Amino acid sequence: MPTHPDLTDPHPDGAPGAAVPAQSPDGEPTFETLQHQVALFARRAEQTRLGGVGHARNSMDRAAYLLLNRLDQEGPTGVKALASGMGIDSSTVTRQVAPLVESGLVSRASHPEDGRAVVLELSPRGASRLAQVRQSRRALMALLTEGWSDAERETFCALLTRFNTALSELHSPLDGS
């Protein structure tokens, strides 16, 4: 019988009857539970795309959502600065932003101080779509945590933020490298 009730997923690998061991071979039950739950979360998040509920459900892919959010937070931004802030390379940003420009969610403009450089900006249409998707995703989060207390939601947010920060720091290049 598992020592952690949340460790066993009824179908951890998509196969009924498959169970997760209560303890890893090295005696680390908490880390075994954590790695397994993170793997399940990643799979389920990708399957559902955590796109929200209602009309906006699954209407914006993760890359577009993160780019639009960043532009909303930062304002007009150059490709290099956007890439650096998101921890990805400039060519990836360029490739991901192209369909956003084509669909009118992002606009390109000349940099006000250096006319040769390009800045990307959230368009009014992009701001509207982002607001719709955010609302849909907030509704999904409310649904998924319906039985949780406010304190539980706040704790989960704090811990998930801390976890994501640690992941980001682990994978970000060191200064000067």
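These figures come from a predicted structure and were not determined experimentally.

Attention now moves to the sheet that holds strand S1 (residues 77-78). Judged by pairing direction, the sheet is antiparallel, and its three strands sit side by side in the order S1-S3-S2 without closing on themselves. Looking along the sheet, the strands with just one partner apiece sit at the ends: S1 and strand S2 (106-110). Helix-sheet contacts for helix H2 (residues 62-74) involve S1, S2 and strand S3 (118-122), and the interaxial angle to S3 is about 100°.

A separate point is helix H3 (residues 79-86). Residues separated by three or four positions in an α-helix point in the same direction, a consequence of the helix having 3.6 residues per turn. All of the buried residues in H3 are Val-79, Leu-82 and Ala-83. Considered in projection along H3, the buried side chains sweep an arc of 95° and stay on one side of the axis. In this structure, H3 carries Lys-80 and Ser-84 as exposed residues pointing more than 90 degrees from its buried face. In this fold, the buried residues of H3 make contact with H2, S1, helix H4 (90-102) and S3. Taken from the residues just after H3, Gly-87 is the one with a positive phi, measuring 75°.

Next up on the list: the environment of Ala-81. Position of Ala-81 relative to the elements: it lies in helix H3. On the basis of relative accessible area, Ala-81 is assigned to the partly exposed category, the value being 48%. Separated by 38 residues in sequence, Ala-81 and Val-119 have C-alpha atoms that sit 9.6 Å apart.

This part takes up the confidence of the model for the protein. Mean pLDDT for the protein: 80, with 75% of residues reaching 70 or above. The low-confidence segment residues 1-21, where pLDDT is below 50, has 42 contacts with residues more than four positions distant or belonging to other chains.

This part takes up the environment of Leu-68. Here Leu-68 lies in helix H2. With relative accessibility at 0%, the residue Leu-68 sits in the buried group. Note: C-alpha distance between Leu-68 and Val-97 (29 residues apart in sequence) is 9.2 Å.

With their axes 11 Å apart at the nearest point, H2 and H3 run at an angle of 110° to one another. The angle between H2 and H3 falls in the class roughly perpendicular. For the pair H2 and H3, the sense of crossing is right-handed. In contact with Leu-66, Leu-67, Arg-70 and Leu-71 of H2, H3 contributes Leu-82, Gly-85 and Met-86.

Side chains of Phe-31, Leu-34, Val-38, Trp-148, Phe-156, Leu-160, Phe-163, Leu-167 and Leu-170 sit close together on the surface and give an oily, nonpolar patch of about 800 Å² of accessible area. Elements that contribute at least two residues to the nonpolar patch include exactly helix H1 (29-48) and helix H6 (150-171). Judged by relative accessible area, Phe-163 falls into the partly exposed class, the value being 32%.

Bringing the nonpolar core into the picture now. Of all hydrophobic cores here, the largest spans 18 residues; its most connected members are Leu-68, Val-93, Leu-100, Val-106 and Leu-120. Those elements that provide at least two residues to this core are H2, H3, H4, S3 and helix H5 (124-144). Looking at this core element by element, the count peaks at five residues for H2.

Cut-off values and rules
- Residues numbered from 1 in each chain as written.
- Predicted model: local features only at pLDDT ≥ 70, side-chain atom pairs only at ≥ 80, totals over all residues.
- Heavy atoms only, no water.
- Pairing = 2+ DSSP bridges.
- Helix = DSSP H or I, 4+ residues; strand = E, 2+ residues; numbered from the N terminus.
- Contact = heavy atoms within 4.5 Å.
- Axes fitted to C-alpha atoms, helices over the stretch in contact; angles between N-to-C directions.
- Buried < 20%, exposed > 50% of the residue type's maximum accessible area, 1.4 Å probe, protein only.
- Arc of directions from axis to C-beta.
- pLDDT = per-residue confidence, 0-100.
- Parallel < 35°, antiparallel > 145°, perpendicular 65-115°, else oblique.
- Left-handed = near helix turned anticlockwise from the far one by under 90°.
- Patch = residues over 30% accessible without salt bridge, like charges linked within 9 Å, V, L, I, M, F, W, Y side chains within 5 Å.
- Areas by Shrake-Rupley, 256 points an atom, 1.4 Å probe, with all protein chains shown as cover.
- Salt bridge = Lys/Arg side-chain N within 4 Å of Asp/Glu carboxyl O.
- Core = buried A, V, L, I, M, F, W, Y, C linked by side-chain atoms within 4.5 Å.

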